[in-house]
Amino acid sequence: SAKWVELLKEIAPETRRVAVLRDPTQGSGTSQFAAIQAVAPSLRVEVKPVNIGDATEIESGVAAYARTPNGGMILIGSGAAVGHRDLIITLAARHKLPAVYYERHFVSVGGLISYGPDYIDQYRRAASYIDRILRGEKPAELPVQAPTKYELVINAKTARALGLTVPATLLARADEVIE
């Protein structure tokens, strides 16, 4: 979660405020917001939670936030985030807010940048667990695995539309750049 703030500052250095769109009913929304809050002072940004529930709440929250300049957005994963994906991307474009997303599918349909687990790698690793279970190991005795491979995806077209120049160092680290 802290990496999202770093990436936002790297792609849009003038960002001083960050709206964190989250579902407060989800544990991940609360814990990831806390991680973002912890790193924000060191990057000289102020964070503000914007709860996502229904479309009206998202629209009014983003519109109110966007009235002040030098803002950006971070979207934390949840069912509501997926359900309102197109609305959130449209609002970011309408209000000229650079936004970081937790999954690549947001960037493939117009979002600016994403950083999150490489799901294909996770599926490959899950196959080894299935093999171990089929060989007789008990699932309860297998260790929990956190993602080990993350992917960075940038939408260059969206960056241009926002008037952003993507730094060469960020482009070099990207797993994919969508033109």
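Cut-offs applied
- Residues numbered from 1 in each chain as written.
- Predicted model: local features only at pLDDT ≥ 70, side-chain atom pairs only at ≥ 80, totals over all residues.
- Heavy atoms only, no water.
- Pairing = 2+ DSSP bridges.
- Helix = DSSP H or I, 4+ residues; strand = E, 2+ residues; numbered from the N terminus.
- Axes fitted to C-alpha atoms, helices over the stretch in contact; angles between N-to-C directions.
- Contact = heavy atoms within 4.5 Å.
- Salt bridge = Lys/Arg side-chain N within 4 Å of Asp/Glu carboxyl O.
- Buried < 20%, exposed > 50% of the residue type's maximum accessible area, 1.4 Å probe, protein only.
- Expected span 1.5 Å × (residues − 1).
- Arc of directions from axis to C-beta.
- Phe/Tyr/Trp six-rings, centres within 6.5 Å; stacked < 30°, edge-to-face > 60°.
- Lys NZ or Arg CZ within 6 Å of the ring centre and 35° of its normal.
- Parallel < 35°, antiparallel > 145°, perpendicular 65-115°, else oblique.
- Nonpolar A, V, L, I, M, F, W, Y, C, P; charged D, E, K, R; others polar.

### Some thoughts on the sheet that holds strand β1 (residues 17-22)
Ordered in space as β2-β1-β3-β4-β5-β6-β7, the seven strands form an open sheet in which the pairing is mixed. The strands lining the two open edges of the sheet, one partner per strand, are β2 (46-51) and β7 (176-178). Ignoring strand direction, the axes of neighbouring strands in this sheet form an average angle of 20°. Taken together, the five bridges between β1 and strand β3 (residues 71-75) define a ladder with parallel strand orientation. Of the residues in β3, the one forming a bridge with Arg17 is Gly71. Where helix α5 (residues 85-94) meets the sheet, it contacts β1, β3 and β4 (99-101), and its direction lies at approximately 160° from that of β4.

### Brief notes about the environment of Ser60
Assignment of secondary structure puts Ser60 in helix α3 (residues 55-66). Distance in space between the C-alpha atoms of Ser60 and Val50 is 9.6 Å, their sequence separation being 10 residues.

### Quick word on the pattern of salt bridges
One pass over the structure, following the stated rule, counts nine salt bridges. In this structure, Glu6 engages Lys3 in a salt bridge whose closest nitrogen and oxygen atoms are separated by 3.6 Å. With Glu6 and Lys3 both in helix α1 (residues 2-11) and three residues apart, the pair spans about one turn of that helix. You can call Glu6 partly exposed: its relative accessible area is 34%. A salt bridge links Glu10 to Arg173, with the nearest nitrogen and oxygen atoms 2.9 Å apart. Here the residue Glu10 occupies a position in helix α1, and Arg173 occupies one in helix α9 (residues 168-173), the gap between them amounting to 163 residues.

### Topic: α3
Here α3 spans 16 Å end to end across 12 residues, near enough to the 16 Å set by a 1.5 Å rise per residue. Listed as buried for α3 are Ile58, Gly61, Val62 and Tyr65. For α3, the angular spread of buried residues about the axis comes to 90°, placing them on one side. Looking at the buried positions of α3, the neighbouring elements they touch are β1, β2, β3 and α5.

### Things to note about the packing of aromatic side chains
This structure, assessed with the given rule, holds three aromatic pairs. Centroid distance Tyr101 to Phe106: 5.2 Å. Interplanar angle 5°. Geometry classified as stacked. The same class applies to Tyr101 as to Phe106, namely buried. Here the aromatic cluster, defined as three or more aromatic residues joined through ring pairs, consists of Tyr101, Tyr102 and Phe106. In this arrangement the basic side chain of Arg22 is found over the ring face of Phe33, its NZ or CZ atom lying 4.8 Å from the centre. Above the plane of the ring of Tyr129 lies Arg132, whose end atom (NZ or CZ) is 5.4 Å from the centre.

### Let's talk about the packing of α1 against helix α2 (residues 27-39)
Where α1 meets α2, the closest approach of the two axes is 7 Å, and the angle between their N-to-C directions is 50°. As judged from the angle between their axes, α1 and α2 are oblique. Contact residues: Ala2, Trp4 and Val5 in α1; Gln32, Ala35, Ile36 and Val39 in α2. Across the contact of α1 with α2, the residue classes break down as six nonpolar, one polar and no charged.

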